[in-house]
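Inside the fold
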Amino acid sequence: MFHIFQISGIVFRASSLKIKILIPVFISCLLILSVIDLPFSNNQLLDATINDSSESDTPRDKLIGGLLTADFDEGSCLSRYHKSLLYRKPSPYKPSEYLVSKLRSYEMLHKRCGPGTKAYKEAKESLGHDEIYVGECRYIVWIAEYGLGNRMLTIASVFLYALLTERIILVDNRKDVNDLFCEPFPNTSWLLPLDFPLFNYTYRYNKEYSRCYGTMLNNHTINSTSIPPHLYLHILHDSRENDRMFFCQKDQSLIDKVPWLIVGANAYFVPSLWFNPTFQPDLMKLFPQKETVFHHLAQYLFHPTNQVWAMVTHYYNTHLANADERLGIQIRVFRKDAGYFQHVMDQVVSCTQREKLLPESATQEESKVNISKSPKLIAVLVASLYPEYSERLKNMFWEGNTSTREIVEVYQPSGERIQQSDKKLHDQKALAEMYLLSLTDNIVTSARSTFGYVSYSLGGLKPWLLYQPTDLITPDPPCVRSKSMEPCLLTPPSHGCDADWGTNSGKILSFVRHCDDLMYGGLKLYDKI
């Protein structure tokens, strides 16, 4: 049997034996190239992106229906305007005119109030006084918590809150945000300056912090006549009910008067914002399609730096561009002894074959059938800390013997075995893999995985979600097709402000339901039920 394959633009025709010898060498070289700073100038990378990624003559809208502004230099951040050139089809989800208008207004506000302005200097200096600062500019500071998926979900959540309340979002720059993402707002910065005075107290930002909102409620030390110059909001998995009162209408009327908010979060808290009657009218106009919240906000906020974008474009053009169909598979094992497990492998195979995403292996009789037409090429991109999963898939389809005569090629950009958050190269590779997954036609992801949530929502894809196994047993059914591309709020409140909106949310908002990848709990936005 002969195979045709392409590496770096060169087409090879070789026997299976030769491929088995050659491919490991070539792949090793390509993987090394995919994670280093490629020696491209901005113009060279721009030309390569445009020339190598054009799959059709369909006109592309680089501003994504007005979601993006044209006020940036393209070369400084190639991904901003050219991400759409890698999509096989333009996104069917268009931003509302109200969202576009709101973003332009926010950009002007951020320019007036952002770092380096007189307004910012005055607001920062007010933190050293007990008197409440009264001015046009109020701020919300995002603190980096947990892994990259959590961070992207929480930045989007905090930014939406900033849009709704006309606050300025500033992001913690002590980690690697600047190495991952370009600036999202023109002629200003979203990076919080490193001399921000409240960072001296970062180690104290927890539930016991004296100006934590939940703690102040417990101690009855905050009311309409006693407003602090700043508040810490604890929106993590271990937050208390008093912490989560932050989302309530009456609490918001009080919090609205605080000039500086500091947020520590690891949950995608967007669904909770919809329960506030003050926010609902704006949210309805911003997102008529409820399931597009993160999709639109992520397209607006997150633009990989040129170094990360070089990884994405190089790997995509080398391995995925020429496929007839692309399947993304993201595997996360939530165990202390995480690694390769046969029951997880069986679950992945069962899901992908049951849902007709991958063909079954051919029988001996089927292998003898000669089909003259060119077989369909399916490229499978596996994202996992453990390379054994992609190796098993490669072995299944190595000889190209499938029941449908399709050719299946399996790729995995990295397999680092240990999550290494806050290490620059690790996070850059993780971001590159999220974007690569978002460029697939179909996607399978693990339940509860924020990495998976970001990947499929970035791409506007409704995923197949792998149920979380229990007791080393493959779930039956192995997966479920989600009815929404929104991420899941994994830790919703058990009770709400004036009604039971955590456990029986359907009684109040028909489009907020339990997450389809969880057996119980979690909240998620759905456009159609």
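In this report, we go over the structure that sits alongside the text. In this text the structure is predicted, and so the values were computed from the model without any measurement.

**Concerning the overall build of the protein chain**
A count of helices and strands for the protein chain gives 19 helices and 14 strands. Within the protein chain, buried positions represent 57% of all 529 residues. Within the protein chain, contacts between residues at least 6 apart in sequence are counted, and of these 73% link residues at least 24 apart. Accessible surface for the protein chain amounts to roughly 22600 Å². Of this, 52% is attributable to carbon and sulfur atoms.

**Here's the deal with helix H14 (residues 306–320)**
For H14, which comprises 15 residues, the first-to-last C-alpha distance of 20 Å matches the rise-based estimate of 21 Å (1.5 Å per residue) to within 8%. Within H14, 14 of the 15 residues are buried, leaving the element largely enclosed by the surrounding structure.

**Brief notes about empty space enclosed by the protein**
Overall, the coordinates contain two cavities of 30 Å³ or more when judged by the stated rule. Counted as a void, the second largest cavity has a volume near 70 Å³. Around the second largest cavity, the lining residues are Ile235, Leu236, Ser239, Arg244, Phe247, Ala267, Phe269, Ser272, Leu489, Thr491, Pro492 and Pro493. Grouping the amino acids of the lining of the second largest cavity by side-chain chemistry returns eight nonpolar, three polar and one charged.

**Some remarks on the sheet that holds strand E6 (residues 260–265)**
Paired through their backbone hydrogen bonds, the strands of a sheet run either parallel or antiparallel. The parallel open sheet is built from four strands, whose spatial order is E4-E3-E6-E5. Two strands in the sheet have a free side with no partner beyond their single neighbour: strand E4 (168–171) and strand E5 (230–235). Ignoring which end each strand starts from, the neighbouring axes of this sheet average 25° apart. Pairing analysis gives five bridges linking strand E3 (residues 139–143) to E6, with the strands arranged parallel.

**Focus: the packing of helix H13 (residues 293–301) against helix H19 (residues 450–458)**
Taken N-terminus to C-terminus, the directions of H13 and H19 make an angle of 85°; their axes are 8 Å apart at the nearest point. One element, H13, and the other, H19, form an angle in the roughly perpendicular class. Together, Phe294, His295 and Ala298 of H13 and Val454, Ser457 and Leu458 of H19 make up the contact between the two elements. Here the residues of the contact of H13 with H19 are counted per class, giving four nonpolar, two polar and no charged.

**Structural notes on the state of the cysteines**
Scanning the entire structure with this criterion turns up four disulfides. The disulfide partner of Cys113 is Cys137, and the gap between their sulfur atoms is 2.0 Å. Handedness of the Cys113-Cys137 disulfide follows from its S-S torsion of about -65°: it is left-handed. Placement of Cys113 in helix H4 (residues 97–113) and of Cys137 in the loop between helix H5 (118–125) and E3 is noted, with a sequence separation of 24 residues between them. Each member of the pair, Cys113 as well as Cys137, carries the same accessibility label: buried. Across the disulfide from Cys351 sits Cys479; the S-S distance is 2.2 Å. Its S-S torsion of about 95° marks the bond between Cys351 and Cys479 as right-handed, since a negative value means left-handed. With Cys351 in helix H15 (residues 342–354) and Cys479 in strand E12 (residues 479–481), this pair connects stretches of sequence that are 128 residues apart.

**Some words on the environment of Leu297**
With respect to the element layout, Leu297 can be found in helix H13. Taking C-alpha positions, Leu297 is 8.9 Å from Ser157, a pair spaced 140 residues apart along the chain. Those residues within four positions of Leu297 in sequence are excluded, and the remaining contacts are Ala156, Phe159, Leu160 and Phe287.

**Details of the pattern of salt bridges**
Think of it this way: side chains of opposite charge can pair up when their charged atoms draw near. Per the stated rule, a full pass over the model turns up 19 salt bridges. Salt-bridge contacts for Glu241 lead to Arg244; the nearest nitrogen and oxygen are separated by 4.0 Å. In this pair, Glu241 and Arg244 are both assigned in helix H9 (residues 241–244), three residues apart and thus about one turn of the helix distant. Note that Glu291 is salt-bridged to Lys462, the shortest N-O span being 3.1 Å. Note that Glu291 is positioned in the loop between helix H12 (280–286) and H13 and Lys462 in the loop between H19 and strand E11 (464–466), a separation of 171 residues in sequence. Classification of Glu291 by relative accessible area gives buried; the value is 5%. Overlapping salt bridges, with partners in common, bring together Glu325, Lys376 and Glu406 in one network.

**A word on the side chain of Ser482**
Mapped onto the elements of the fold, Ser482 is located in the loop between E12 and strand E13 (512–513). A polar side-chain atom of Ser482 sits 2.6 Å from the main-chain carbonyl oxygen of Ser484. Within the structure, the side chain of Ser482 is placed 2.9 Å from the side chain of Lys524, a separation counted as a polar contact. If we ignore the near neighbours within four places in the chain, the residues touching Ser482 are Lys462, Pro463, Leu465, Asp516 and Lys524.

**A few points about the side chain of Arg151**
Relative to the assigned elements, Arg151 resides in helix H6 (residues 148–165). Given a relative accessible area of 7%, Arg151 falls into the buried group. Looking at Arg151, its side chain comes within polar contact range of the main-chain oxygen of Tyr146, at 2.7 Å.

**Observations concerning H15**
The first and last C-alpha atoms of H15 sit 18 Å apart over 13 residues, in line with the 18 Å expected at 1.5 Å per residue. Burial in H15 covers these residues: His343, Val344, Met345, Gln347, Val348, Val349, Cys351, Thr352 and Gln353. Within two residues after H15, Lys356 carries a phi angle of roughly 60°, on the positive side.

Conventions adopted
- Residues numbered from 1 in each chain as written.
- Predicted model: local features only at pLDDT ≥ 70, side-chain atom pairs only at ≥ 80, totals over all residues.
- Heavy atoms only, no water.
- Helix = DSSP H or I, 4+ residues; strand = E, 2+ residues; numbered from the N terminus.
- Buried < 20%, exposed > 50% of the residue type's maximum accessible area, 1.4 Å probe, protein only.
- Contact = heavy atoms within 4.5 Å.
- Areas by Shrake-Rupley, 256 points an atom, 1.4 Å probe, with all protein chains shown as cover.
- Expected span 1.5 Å × (residues − 1).
- 1 Å grid on protein atoms, 1.4 Å probe; cavity = no way out; pocket = protein on both sides within 12 Å on 5 of 7 lines; lining within 4 Å.
- Points joined across faces, edges and corners; volume = space filled by probe spheres on them.
- Nonpolar A, V, L, I, M, F, W, Y, C, P; charged D, E, K, R; others polar.
- Pairing = 2+ DSSP bridges.
- Axes fitted to C-alpha atoms, helices over the stretch in contact; angles between N-to-C directions.
- Parallel < 35°, antiparallel > 145°, perpendicular 65-115°, else oblique.
- Disulfide = S-S within 2.5 Å.
- Salt bridge = Lys/Arg side-chain N within 4 Å of Asp/Glu carboxyl O.
- Polar contact = N/O pair within 3.5 Å; in protein donor to acceptor, adjacent residues only side chain to side chain.

That is the geometry; function is a separate question.
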